[in-house]
Amino acid sequence: MVNHIENINDSFESPFKLEISFNKLLKYYEKLAKSDDEFMAAKAKRVLKTQRPYPILREGFVDTAILAKHKKEIDIILQDSFSQVLTKNEIKTASMPFHDFAFNASYRFGKILEAAGKDFVLEIKNISDYDLYRSACVVILNFYYGYQVHFKRPFFYEIPDANGVMRYYKILYNADFMEIIPTEKAPEITQQDFDELLDNFDDMDLWKKKFPPRSYRFKGFVISNIFDVTDDQSISNIKSTLIVESTDKKEMAMHEFNNIFRSLLNIKDLKVGFTAYNEENDQLEQVFGKGVESFLLNNSEAKPCQNVLCDHSYETLLRDKKLLSISDVDKFFVASKGKAPQIKSLKEQNIKSAILAPIADNDKLLGVLELVSSKSKLLNSINANKLLDVMPFIVSSVIRSKKEERNLIEAVIQQECTSIHPSVSWKFNIAARKFIKDKQIHGTNAVFSKIKFEDVYPLYGQIDVKGSSDARNLATQKDLSLQLNLVEKIIDALMALEQLPILQKLKFQIENYSSELKDNFKVDSEQHITNFLKQDIEPLFKYQVEKHPSLKEAIEDYFIKIDDNLDVIYYYRKNYDDTILLINENMSSILDAKQNEAQAMYPHYFERFKTDGVEHNMYIGESITKKESFNAIYLYNLRLWQLQVMCEMENEFYQNQHEYPIALDVASMILVFNQPLSIRFRMDEKQFDVDGTYNARYEVVKKRVDKAFIKGTEDRITTKGKMVIVYSQKEDEAEYLQYVKFLQSKKRLHDDVEIVELEDLQGVTGLKAIRVGLLYSTDPENKEFYTYEDLLEEIKT
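Source: prediction; values computed, not measured.

The rules behind each value
Residues numbered from 1 in each chain as written. Predicted model: local features only at pLDDT ≥ 70, side-chain atom pairs only at ≥ 80, totals over all residues. Heavy atoms only, no water. Helix = DSSP H or I, 4+ residues; strand = E, 2+ residues; numbered from the N terminus. Rg over C-alpha atoms; globule rule 2.2 N^0.38 Å. Buried < 20%, exposed > 50% of the residue type's maximum accessible area, 1.4 Å probe, protein only. Contact = heavy atoms within 4.5 Å. Areas by Shrake-Rupley, 256 points an atom, 1.4 Å probe, with all protein chains shown as cover. Lys, Arg positive; Asp, Glu negative; His and termini not counted. Charge placed at Lys NZ, Arg CZ, Asp CG, Glu CD. Axes fitted to C-alpha atoms, helices over the stretch in contact; angles between N-to-C directions. Parallel < 35°, antiparallel > 145°, perpendicular 65-115°, else oblique. Nonpolar A, V, L, I, M, F, W, Y, C, P; charged D, E, K, R; others polar. Phe/Tyr/Trp six-rings, centres within 6.5 Å; stacked < 30°, edge-to-face > 60°. Lys NZ or Arg CZ within 6 Å of the ring centre and 35° of its normal. Pairing = 2+ DSSP bridges. Left-handed = near helix turned anticlockwise from the far one by under 90°. Patch = residues over 30% accessible without salt bridge, like charges linked within 9 Å, V, L, I, M, F, W, Y side chains within 5 Å. Salt bridge = Lys/Arg side-chain N within 4 Å of Asp/Glu carboxyl O. Polar contact = N/O pair within 3.5 Å; in protein donor to acceptor, adjacent residues only side chain to side chain. Expected span 1.5 Å × (residues − 1). Bend = angle between axes of the 7 residues up to and from the residue. pLDDT = per-residue confidence, 0-100. Arc of directions from axis to C-beta. Core = buried A, V, L, I, M, F, W, Y, C linked by side-chain atoms within 4.5 Å.

Along the chain, the regular secondary structure elements total 27 helices and 24 strands. Against the 2.2 N^0.38 benchmark of 28 Å for 797 residues, the chain shows a C-alpha radius of gyration of 41 Å, more extended than a compact globule. Counting the 797 residues in the chain, one finds 46% classified as buried. Within the chain, contacts between residues at least 6 apart in sequence are counted, and of these 68% link residues at least 24 apart. Accessible area for the chain stands at about 42,100 Å²; split by element, carbon and sulfur atoms hold 50% of it. In the chain, 106 positive and 124 negative side-chain charges are present, and the distance between their average locations comes to 7 Å.

And the structure:
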């Protein structure tokens, strides 16, 4: 077998200049020719005699045409190396090291290549060109210079069989018949050079400097002994595939998984599926991930086990944790009369044979591995046992995935449901480690350490829906009025059919409630009317619909309009609730996205809350970052960032206001607190709060200031279209006026700045506010942000 190249060194970068030569093998025959064994000596003399007229076979050559020219002589020279007795069993070639070129092969290897197809190109896999180059260098170091360095890498061929199933073959070189001869281009490798190479494996320039391309003659050939290691390699590939973590790689890994199992079982028509087991609900569930299928569940997300498995299969898989093979689905379908749910599901998917393998950790079932084929008998109880070698790795992977899932769930809960922000998690970790250690020493007397951060600067902001209470009351009035009108029409129709005093009483109540909704709506009006509709009207209508068929359509129409969960008409209130939800989601998403950028500027604590709008708290200081790196410039930068984000949130709201179910307005406010304070994590409330009596003043202002009036007026401090900055110190006023002026120059704020005093709050006096109009951009892409350094540059110019 000769690869189709003319010169064996073409397209091959290596420190070796390859020359095919049989010199060392012939020297071995020269020794054998002197043997006392007459038969062996005669055979050796025959080989030597065959070569003698053709010295080039000893001297070496690079032209592959010589191989064809002297094929007969070469076959005789290699006759002992490629025994005809073993040629149909052994897989071997005569070749050049680290090269895809081979010039003689056993019969079996030839048949393997023939089955792969005429378009198949033989090449060494799993190793880069750089590693092949370094491998050749290491051979020189070991065999020529005598240095001891180990860099043996396994070489593999990947060759498909006649059915297209990939087989894996490991290559082992027999290098007995090679000679390494340095050329004039080869530098002498000293101990110092060797030591330098030991510390610079990745420096290819250095390796090529010490071993320039083609600076050593490789004279001879190697015997490549090749072994089918498909089973071992498949198991190794399964382990590698199970390690992947990223979502994109997992999708690719699932595709590879199918190919690996096809190789392991030597079945091309094979697919792999997974089904997770939920012990708590005793149900099987889909594994959510791209490319992952469940053939037991088909298109269902989850099903109780008794709806997926027959009693025998349930016992085998879930109780006994044993493999279950179905070699002929059609046969089992007939035998079970179509009543076995797993057989029915497989048949519906045109699956003809299957193996179901329990994934179990000791006695705990985690899931089911599914192998299926569209051909009967291909999967059976015999080849099912090949899975025993791979199941431990799959179990380990599933256990790891379960832990990752639990960690992810905990992370989501922490992000969505608690106040432990990543910026402060380090202190919780320290406290948790100390608690675990103390618990081991002191048992139940261990106490979780207090979590406290001192000398941090607070920042607070909110974007609040204006008149949200009035808007909700109006929506409630409209819903209840609509429902009362529908009820009144049906009552009138009932009164026309029969005169009952109770109907007159109900009509009187309806009229009173309708009047109350219009003129005297109170806090408890909604509850009273809802109770009346549910307790008095609903039972009456359910009775009358059977008694008076003529009213059936009107009564059924009434119940269709009633919300199933709330038992009232929920139309206008739904529009209101949906609007608040959308406003909060959109504003929060902006704030969260911008927070990632702000954290990159300087780490700080951040939390937000959704009410009728979005509030946020930030604390910044050296005690949070645990590094001596805090500077006031980071505080100023965060304050400017906060003001810009609030402007963007306002812009985003009004640019998308038309998308909300009802038209509402928002108002924004920032609270400035001049002095650093301490915050403490309250274990009972699972959130941070200010620490100390003096610092509590900050919390009082936060909770009440947005409802405060401008001193001497009935005007609220917050209003739509204006950014409000509340403060108490003159230096804060000067600082924020600079920010305002800067953002005015960037066309973010209007030039209508006003400074007002606030009415006194309970226990708090002397508050003032900067109010400035917002400029709303019509360009949604105009979201450029500026830093405190930009502000300083602006001031300089």
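Structure shown, so let's carry the discussion forward.
Before going further, it helps to examine the packing of helix H18 (residues 468-497) against helix H22 (residues 572-601). The geometry of H18 relative to H22 is characterised by a closest axis approach of 7 Å and an angle of 155 degrees between their N-to-C directions. On the basis of the axis angle, H18 is roughly antiparallel to H22. On H22, the residues touching Ser468, Ala471, Arg472, Ala475, Thr476, Lys478, Asp479 and Leu480 of H18 are Tyr572, Arg573 and Tyr576. Its residues placed into classes, the contact of H18 with H22 shows 5 nonpolar, 2 polar and 4 charged.

Within the structure shown, the criterion is met by 35 aromatic pairs. Taken together, a centroid distance of 5.9 Å and an interplanar angle of 50 degrees make the contact between Phe453 and Phe688 tilted. With a gap of 235 residues between them, Phe453 in strand E16 (residues 452-466) and Phe688 in strand E21 (residues 687-690) connect regions that are remote in the sequence. For the pair formed by Phe453 and Phe688, the shared burial category is buried. Across from the ring centre of Tyr133, 5.5 Å away, lies the NZ or CZ of Lys208, which sits over that ring. Seen from the ring of Phe333, Lys347 lies directly overhead, with NZ or CZ sitting 5.2 Å from the centre.

Moving on to the sheet that holds strand E2 (residues 91-95). Strands belonging to one sheet form pairs held by backbone hydrogen bonds; the direction of such a pair is parallel or antiparallel. Pairing is antiparallel across the open sheet formed by 6 strands, whose spatial order is E3-E2-E9-E6-E5-E4. Edge strands, defined here as strands with exactly one partner in the open sheet, are strand E3 (102-105) and strand E4 (124-125). Note that strand E5 (residues 155-160) and strand E6 (residues 166-174) share 6 bridges and pair antiparallel. Of the residues in E6, the one forming a bridge with Phe155 is Ile171. Sheet contacts for helix H6 (residues 107-116): E2, E3, E5, E6 and strand E9 (222-228); angle to E5, the most-contacted strand, approximately 55 degrees.

As a further point, take the environment of Glu279. Structurally, the position occupied by Glu279 is in the loop between strand E10 (271-278) and strand E11 (283-286). With 85 residues separating them along the chain, Glu279 and Lys364 place their C-alpha atoms 8.6 Å apart.

Moving on, we come to the packing of helix H19 (residues 501-519) against helix H20 (residues 525-547). The description of two packed helices rests on the angle between their axes and on the distance between the axes. Where H19 meets H20, the closest approach of the two axes is 11 Å, and the angle between their N-to-C directions is 155 degrees. By the angle between their directions, the pair H19 and H20 is classed as roughly antiparallel. Classified by chirality, the crossing of H20 by H19 is left-handed. For the pair formed by H19 and H20, the contact residues are Leu503, Leu506, Gln509, Ile510, Tyr513, Glu516 and Leu517 on the first element and Ser525, His528, Ile529, Phe532, Asp536, Ile537 and Leu540 on the second.

On to a negative patch on the surface, then. Taken together, the side chains of Glu714, Asp715, Glu759 and Asp760 present a region of like negative charge at the surface. By secondary structure assignment, the location of Glu759 is in the loop between strand E23 (754-757) and strand E24 (768-773).

Among the structural elements, Gln283 can be located in strand E11. Look at Gln283 and you get buried, because its relative accessible area is 18%. A distance of 2.7 Å separates polar atoms of two side chains, one belonging to Gln283 and the other to Glu285. Gln283 has contacts with Ala276, Tyr277, Asn278, Ala302, Lys303, Pro304 and Cys305, leaving out every residue within four places of it along the chain.

Before going further, it helps to spend a moment on H20. Here H20 is 23 residues long and its end C-alpha atoms lie 32 Å apart, about the 33 Å a rise of 1.5 Å per residue gives. Considering bend angle alone, the principal kink of H20 is centred on Ile537 and spans about 35 degrees; proline Pro539 follows within four residues of it. Ser525, Ile529, Thr530, Phe532, Leu533, Ile537, Glu538, Leu540, Phe541, Gln544 and Val545 are the residues of H20 that are buried. Summarising the contacts, the buried residues of H20 are in contact with H18, H19 and helix H21 (552-561).

Let us now look at the sheet that holds strand E7 (residues 178-182). Here we have 3 strands laid out as an open sheet, ordered E1-E8-E7, and mixed in their pairing. The open sheet has two free edges, formed respectively by strand E1 (16-20) and E7, since each of these has just one partner strand. Each neighbouring strand pair of the sheet contributes to a mean axis angle of 20 degrees, computed without reference to strand direction. Both E1 and strand E8 (residues 216-220) contribute to a ladder of 5 bridges, which runs parallel. Each bridged residue has a counterpart across the sheet, and for Phe16 the counterpart in E8 is Tyr216. Packing against the sheet, helix H7 (residues 129-145) makes contact with E1, E7 and E8, and its axis sits at approximately 90 degrees to E7.

It is worth spelling out the pattern of salt bridges at this point. Taken as a whole, this structure holds 43 salt bridges when the rule is applied. Between Lys377 and Asp328 there is a salt bridge whose closest N-O contact spans 3.1 Å. Of this pair, Lys377 sits in the loop between strand E15 (364-373) and helix H16 (391-417) while Asp328 sits in the loop between strand E13 (324-326) and helix H14 (329-335), and the two are 49 residues apart along the sequence. For Asp328, a relative accessible area of 14% translates into the label buried. A salt bridge links Lys507 to Glu511, with the nearest nitrogen and oxygen atoms 3.7 Å apart. Taken as a pair, Lys507 and Glu511 lie in helix H19 at a separation of 4 residues, close to a single helical turn. Through salt bridges that share partners, Arg472, Asp479, Glu526 and Arg573 make up one connected network.

Close inspection of predicted coordinates is inappropriate in any region flagged by low pLDDT. Per-residue confidence for the chain gives a mean pLDDT of 86; residues scoring 70 or more make up 92%. Within the chain, the lowest mean pLDDT, 56, falls on helix H27 (residues 788-796), and the highest, 95, falls on strand E22 (residues 722-727). Within the model, pLDDT remains below 50 along residues 245-252, and this stretch shows 5 contacts once partners closer than five positions in the same chain are excluded.

A word on helix H25 (residues 696-704). By the burial criterion, the buried members of H25 are Tyr698, Glu699, Val701 and Lys702. All buried residues of H25 lie within an arc of 160 degrees about the axis, which places them on one face of the element. Where H25 is buried, its residues touch E16, strand E18 (613-620), strand E19 (665-672), strand E20 (677-682) and E21.

Our next topic: the side chain of Asp464. Structurally, Asp464 can be placed in strand E16. With sequence-adjacent residues up to four places away left out, Asp464 is seen in contact with Asp612, Gly613, Asp665, Val666, Ala667 and Asp706.

Our focus in this paragraph is the nonpolar core. Within the largest apolar cluster, 67 residues are counted, with the highest numbers of intra-cluster contacts made by Phe16, Phe22, Phe103 and Phe221. No other element matches H7, which puts 8 residues into this core. If sequence neighbours within four positions are ignored, Phe16 has contacts with Asn9, Phe98, Ala136, Val139, Ile140, Ile180, Arg214, Tyr216 and Phe218. Of all hydrophobic cores here, the second largest spans 44 residues; its members include Val465, Ala475, Leu591 and Ile770.

The backbone of Arg214 shows a phi angle near 60 degrees, a positive value even though the residue is not glycine. For Arg214, the position within the fold is in the loop between helix H9 (204-210) and E8. Judged by relative accessible area, which is 34%, Arg214 ranks as partly exposed. One non-glycine residue with positive phi stands out, namely Lys377, at about 75 degrees. Judged by its relative accessible area of 48%, Lys377 is partly exposed.

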